[in-house]
Amino acid sequence: MIKSQFKSPLFPYLLLLPQLSIVVIFFYWPAAEAIRSSFYLEDPFGFSSTFVGLDNFRDMVSRSDYVATAEFTIIFSVIVTLFSLAIALLLAVTADRVLRGASTYKTLLMWVYAIAPPVAALIGIMMFDTLVGPIARFFQALGWNYQLGTNRFDTAFAMIVISIWKQVPVNFIFFLSGLQGIPKSVQEAAAIDCASSTRRFWTITFPLLAPTGFFLLIINITYSLFDTFGIIDVVLKGEPGNNPVTLVYKVFLDGFRGNDLGGSSAQSVILMILVLILTVFQFRLIERRVHYN
Amino acid sequence: MSSSDLQAPTGTTITAAGAAAVSKKPFAWRQIVDHVVLIAGSLFMLIPVLMAFMTSSHSDITVHTNGLQMTFGGHLAENYHEAMLVPGGFTKTVDGMRMLMNSFILGIGFSVGKIIISMLAAYAIVYFQFRFATLAFWAIFTTLLLPLEVRILPSYEIVQGMGLVNTYTGLIVPLIASATGTFFFRQFFKSVPNELIEAARIDGAGPVKFFIDILVPLSKTMIAAIFIIMFVFGWNQYLWPTIMTTDESFFTLVRGIKQILNVFIGSQIPEYGQAMALAIVAMVPPVLVVVIFQSWFVKGLVESDK
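Being a predicted model, the structure only gives us computed values, none of them experimental.

(A) How the structure looks around the overall build of chain A. Within chain A, the regular secondary structure consists of twelve helices and three strands. With the C-alpha coordinates of chain A rotated into their principal frame, the extents come out at 75 × 75 × 30 Å. Looking at chain A as a whole, 54% of its 293 residues qualify as buried. For chain A, the share of sequence-separated contacts (at least 6 apart) that also reach a separation of at least 24 residues comes to 66%.

(B) Seen up close, the domain arrangement of chain B. Residue and element names in this part refer to chain B. What the domain assignment lists for chain B is domain 1 (3-79) and domain 2 (96-304). Each partner contributes to the interface: domain 1 provides eleven residues, whereas domain 2 provides ten residues. Of the roughly 910 Å² buried where domain 1 meets domain 2, counting both sides, 79% is carbon and sulfur surface. It is Asp-60, His-64 and Asn-79 that lose the most area in domain 1 upon contact with domain 2, and together they represent 48% of the buried surface on that side. The interface formed by domain 1 and domain 2 contains zero salt bridges. Across the contact surface, domain 1 and domain 2 share three residue pairs in polar contact (both at pLDDT 80 or more). Counting residues per element, the ones that place at least two in the side of domain 1 that touches domain 2 are α2 (26-55) and α3 (60-66). Grouping the constituent residues of the side of domain 1 that touches domain 2 by class yields five nonpolar, five polar and one charged.

(C) Expanded view of helix α7 (residues 152-161) of chain B. Counting buried positions along α7 of chain B gives seven out of ten residues, so the element sits mostly inside the fold. Gly-163 of chain B sits one or two positions beyond α7 of chain B and adopts a positive phi of about 70°.

(D) Representation of the UniProt feature "transmembrane region" (unreviewed entry) in chain A. Residue and element names in this part refer to chain A. Per the UniProt record, the feature "transmembrane region" (unreviewed entry) sits at residues 12-31, 72-95, 107-136, 156-179, 200-226 and 266-286. End C-alpha to end C-alpha, residues 12-31 measures 26 Å, and it is 100% helix and 0% strand. With 100% helix and 0% strand, residues 200-226 has end C-alpha atoms that lie 36 Å from one another.

(E) Inspection of the packing of helix α4 (residues 76-85) of chain B against helix α15 (residues 272-292) of chain B at higher detail. All names here are of chain B. Running from amino to carboxyl end, α4 crosses α15 at an angle of 70°, the nearest separation of the two axes being 8 Å. Taken together, the axis directions place α4 and α15 in an arrangement best described as roughly perpendicular. Remark: the crossing between α4 and α15 carries right-handed chirality. Each of Asn-79, Tyr-80, Glu-82, Ala-83 and Met-84 in α4 lies in contact with α15, whose residues at this interface are Gly-273, Gln-274, Ala-277, Leu-278, Ile-280 and Val-281.

(F) A look at the environment of Ser-21 of chain A. Within the secondary structure layout, Ser-21 of chain A lies in helix α1 (residues 11-37). In this structure the C-alpha to C-alpha distance between Ser-21 of chain A and Ala-121 of chain A, which are 100 residues apart in sequence, comes to 36 Å.

(G) Layout of the interface of chain A and chain B. Taken residue by residue, the interface counts 93 residues in chain A and 112 residues in chain B. Summed over both partners, the interface of chain A with chain B comes to about 9,900 Å²; 76% of that surface belongs to carbon and sulfur atoms. For the interface between chain A and chain B, the tally reads one salt bridge. Between Arg-97 of chain A and Asp-34 of chain B there is a salt bridge whose closest N-O contact spans 2.6 Å. The residue inventory of the side of chain A that touches chain B, partitioned by class, reads 66 nonpolar, 15 polar and twelve charged. Pairing between strand β1 (residues 6-7) of chain A and strand β1 (residues 128-129) of chain B: two bridges, direction parallel. Looking at the pairing, Lys-7 of chain A lines up with Gln-129 of chain B of β1 of chain B.

(H) Region of the structure containing a nonpolar patch on the surface. All names here are of chain B. There is a patch of nonpolar side chains on the surface, built from Ile-39, Leu-43, Ile-47, Leu-50 and Met-70 and spanning about 380 Å² of accessible area. Note on placement: Leu-50 falls in helix α2. The exposure class assigned to Leu-50 is partly exposed, which follows from its relative accessible area of 33%.

(I) Geometry of the pattern of salt bridges. One pass over the full model with this rule turns up seven salt bridges over all chains. We note a salt bridge from Lys-250 of chain A to Asp-65 of chain A, for which the minimum N-O separation is 3.0 Å. Of this pair, Lys-250 of chain A sits in helix α11 (residues 247-257) while Asp-65 of chain A is found in helix α3 (residues 64-97), placing the two residues 185 residues apart along the sequence. Using a relative accessible area of 6% as the deciding quantity, one classes Lys-250 of chain A as buried. With its nearest N and O atoms 2.8 Å apart, the salt bridge here joins Lys-209 of chain B to Asp-213 of chain B. Taken together, the residues Lys-209 of chain B and Asp-213 of chain B, both in helix α11 (residues 207-218) and four residues apart, mark about one turn of the helix.

(J) Just the UniProt feature "transmembrane region" (unreviewed entry) in chain B, in detail. Summarizing the sequence annotation, UniProt attributes the feature "transmembrane region" (unreviewed entry) to residues 32-54, 104-125, 132-148, 168-189, 210-235 and 275-298 of chain B in the numbering used throughout. End C-alpha atoms of residues 104-125 of chain B are separated by 31 Å, and the span's content is 100% helix alongside 0% strand.

(K) Representation of the packing of aromatic side chains in the model. Considering all chains together, one arrives at 50 aromatic pairs over all chains under this definition. Taken together, the ring pairs connect Phe-6 and Phe-11 of chain A together with Tyr-123, Tyr-127, Phe-128, Phe-184, Phe-185, Phe-188, Phe-189, Phe-210 and Phe-211 of chain B into an aromatic cluster. The lysine or arginine in question, Lys-166 of chain A, covers the ring of Tyr-113 of chain A, its NZ or CZ lying 5.5 Å from the ring centre. Residue placement shows Arg-186 of chain B over the ring face of Phe-141 of chain B; its charged tip is 5.7 Å from the ring centre.

What counts and how
Each chain has its residues counted from 1, following the order in which its sequence is written. Naming scheme: in the order in which they are written, chains are lettered from A and ligands are numbered from 1. Local features in this predicted model are restricted to residues whose pLDDT is 70 or higher, and side-chain atom pairs enter the listing and the counts only when it is 80 or higher, whereas totals over whole chains, interfaces and linings include all residues. Excluding hydrogens and water, the side-chain figures rest on all heavy atoms present in the structure. Secondary structure elements follow DSSP: runs of H or I of four or more residues count as helices, runs of E of two or more count as strands, with numbering from the N terminus. Throughout this description, buried means an accessible area under 20% of the type-specific maximum (1.4 Å probe, protein chains only), exposed means over 50%, and partly exposed covers the range between. Contacts are assigned to residue pairs that have any heavy atoms within 4.5 Å of one another. Domain delimitation in this document rests on an assignment produced automatically or drawn from a domain database. When two components associate, each loses some accessible surface as probed by a 1.4 Å sphere; the sum of these losses over both components is called the buried area. Within this document, salt bridges are pairs made up of a side-chain nitrogen of Lys or Arg and a carboxyl oxygen of Asp or Glu, the two lying within 4 Å of each other. Here a polar contact means two N or O atoms within 3.5 Å. Within protein one must be a hydrogen donor candidate and the other an acceptor candidate, and residues neighboring in sequence count only if both atoms are side-chain atoms. The residue classification treats Ala, Val, Leu, Ile, Met, Phe, Trp, Tyr, Cys and Pro as nonpolar and Asp, Glu, Lys and Arg as charged. All others, Gly included, are polar. UniProt positions are given in the numbering used here, feature names are shortened, and annotations may be inferred rather than shown by experiment. In this description, a line fitted to the C-alpha atoms serves as the axis of each element, helices being fitted only across the stretch in contact, and the angle between N-to-C directions of two axes falls anywhere from 0 to 180 degrees. Working definition: roughly parallel below 35 degrees, roughly antiparallel above 145 degrees, roughly perpendicular at 65 to 115 degrees, and oblique for all remaining angles. Less than a right angle of anticlockwise turn of the near helix away from the far helix marks a crossing as left-handed, whereas a clockwise turn marks it as right-handed. Here, any two strands with at least 2 DSSP bridges between them count as paired. Each patch is built from residues lacking any salt bridge and having more than 30% relative accessible area; the joining distance is 9 Å for like charges and 5 Å for nonpolar side chains (Val, Leu, Ile, Met, Phe, Trp, Tyr). Using a 1.4 Å probe, the Shrake-Rupley method yields the accessible areas, and only the shown protein chains count as cover for residues. Planes of paired rings set the category: under 30 degrees apart is stacked, over 60 is edge-to-face and the rest tilted, where pairs are Phe, Tyr or Trp rings (Trp by its six-membered ring) whose centres lie within 6.5 Å. We call a charge positioned above a ring when the Lys NZ or Arg CZ atom is no farther than 6 Å from the ring centre and deviates by at most 35 degrees from the ring normal.

This is how it looks when you write it as structure tokens:
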């Protein structure tokens, strides 16, 4: 539908001015700067820089710590995405079904959305603390000598559990609203045709939820890549040492701690490309989702 | 919780078939399992926070010797008093109240700024015919492509070059440089019936009058929903405040988490109670907003897609 519009020579530019100036200064300029400096090598004090072409990228890919970080990021993202989606889906399907206490459950399952990732992580490292944490104590009682912060695997385990805990509410909200969007008539027809609720779920509900699921898949990958920064930083207490980190955390480490501007920018550019691909996917899915409705 | 829980609904039918006594009421068992799943899920979300709160009411020695607590202790007032009113940190100049105030400044400043700026931009894009409309549209919406995290270092250098480090402007304005709000309002404005603008024009209302007298009142619910989302988003910012504020008097509560961590390093017995008290204070405002305005919040979240 085409909107009736006002015609005014200057007014629309005036309206756009605040947003455009912020976007240009704080978005396009830094983004261009990141791309530019990925082709330069800057000395640690920032006095001079030389054009090195793709050297920063070549350097980055050949370094074993970058490859290890990339591998960990993939494992981390896959586990966080799968578990937070699966748990949220189970809870949403169940919450959609119960009659009594549905709104109480809904509130109890979504309020954690409001907790900041680093705050969640602060509580998490207390729960997993080698000395005082009940989870660590429980593992130790089972014979697993759980050591947060000193053992790579144990630290990664805590990061993953905290990241899942923080992400379940978002997925729950979207799945539940997706479920409530399925017309009652479809559900009733399915109930008449098919007695087994399990089969009904996989043949009717699940396919109808697929658009929401795909959309959430992208959201969750983006979350595990970027929004977990605060969780990782707090779990590592700012000192990664021997512990695994994700790619975004490494950009921060190399850029702000290591003063490796070129290397950090090259990593940023790789992440930009990754996000670009994810976003293109996401837009296509949003279009499709709108189509369904 | 694990993925094996996914099997629960499947298992239900087997259990129901197995117990002869239940066969009269085949749905009872399924309902019980449903509630068990939901209660387990609720506890999974609730227990860590409950434990943090309970621990914040105990003395550090109790926590240090007995671990985190699940009961209410007698040191609540003491811990919160120390966390909120006794200056701490490296410089011993910043207390919890100051950080709480900064969090409110960031949360409210960010959401209000974002709403005003993005409403104006969306208004121009949807309701005006002008030469560079398409260009402006794409210039704004491309920002949805790249999160702050991937351009963090140059962003910092630019803001530093403008002398905005350790200012509220430097803290808030760069965060507004994304199009989420504009996207949301554009969608909403497009759904506003065309008759309204035509009627307004016949009555001789200009673009300013139409915006203030018709569009803004119509958008009330949308503004409320987006305010809640943006307030929580702004309040919970961590990376940007971490690099932008080095002066402790500009720390927000979430930024201050890094300082709280220092109580774990060095001192003989870490100040657990105080740390948990600050964590609780840092989560109460956004949690209250989300719980009280739940329906607006869910609407805003689902419709704006973050």
